[in-house]
Amino acid sequence: SATKKSPKPKSHDERPSNTSRMPYIVLGAIALYLWQAHQMWSIFGGLAVDDAYISFRYAENAAQGLGFVWNAGEAIEGYSNFAWILLLFPFALFGMDLTLPSQALGLCFGTIAIAFAVRSVKKIFSIENDWSLAITAVIIASSGYFSAWTVSGMETALHGFLLLWAWARFTEEH
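Here we summarise the structure given alongside this text.

Reading the values: rules and limits
Residues numbered from 1 in each chain as written. Predicted model: local features only at pLDDT ≥ 70, side-chain atom pairs only at ≥ 80, totals over all residues. Heavy atoms only, no water. Core = buried A, V, L, I, M, F, W, Y, C linked by side-chain atoms within 4.5 Å. Buried < 20%, exposed > 50% of the residue type's maximum accessible area, 1.4 Å probe, protein only. Helix = DSSP H or I, 4+ residues; strand = E, 2+ residues; numbered from the N terminus. Contact = heavy atoms within 4.5 Å. Expected span 1.5 Å × (residues − 1). Arc of directions from axis to C-beta. Polar contact = N/O pair within 3.5 Å; in protein donor to acceptor, adjacent residues only side chain to side chain.

## Here we look at the nonpolar core
Then, number 1: Of all hydrophobic cores here, the largest spans 23 residues; its most connected members are F56, A59, W84, L88, L98 and F109.
Then, number 2: Secondary structure elements with two or more residues in this core: α2 (52-63), α3 (82-93), α4 (99-125) and α7 (156-173).
Then, number 3: Here this core gets six residues from one element, more than from any other, and that element is α4.
Then, number 4: Discounting residues that sit within four places of it in the chain, F56 has contacts with A48, L88, L98, T99, S102 and G153.
Then, number 5: Core analysis: the second largest hydrophobic core is formed by 15 residues, M22, V26, V121 and A134 among them.

## Points about helix α5 (residues 130-141)
Then, number 1: With twelve residues, α5 should cover 16 Å at 1.5 Å per step; its first-to-last C-alpha distance of 16 Å lies within 8% of that length.
Then, number 2: Within α5, the full set of buried residues consists of D130, L133, A134, T136, A137 and A141. Take α5 and look down its axis: the buried residues cluster within an arc of 150°, on one side only. Residues of α5 that are exposed and point over 90 degrees away from its buried face: W131, I135 and I139.
Then, number 3: Tucked inside the fold, the buried residues of α5 contact α1 (22-43), α4 and α6 (144-150).
Then, number 4: Sitting at the head of α5, N129 places a side-chain oxygen 2.8 Å from the backbone nitrogen of W131.

Okay, structure coming up:
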């Protein structure tokens, strides 16, 4: 006579093999990053660092039809971040103070960089362990320097993301 074995009850730690904690880990890391960025933003008093105002002035002058110049009538290229100025340009067209839009863009690129770093490390190094990937997210998210520079008003987060993207593209293709 065949006896039927009852299925073993699942413990709290067991989960289906196709379920990943990674989305929650990345969201948790992003929450940590956003909290820390807010702390840095508060320390700065909501202001951008002084060099950010160089980009603001170029974007504002362009929006006023003066071209990408520091002063009207002077064709001097005094910026090193044309892509950032182009991203700020639409906000300048509406006459906005560019401090908050630049900081919001920095936060967006910082958030994207965290998620993209995890995705890239997982794909390039074929890492499947959630906790190993969490280290990538938490190291970036817990960096005070990363958080501070993303709310500085400067192009640092965009630059960091573009470097990460270029590295991932090159590595995946080779």
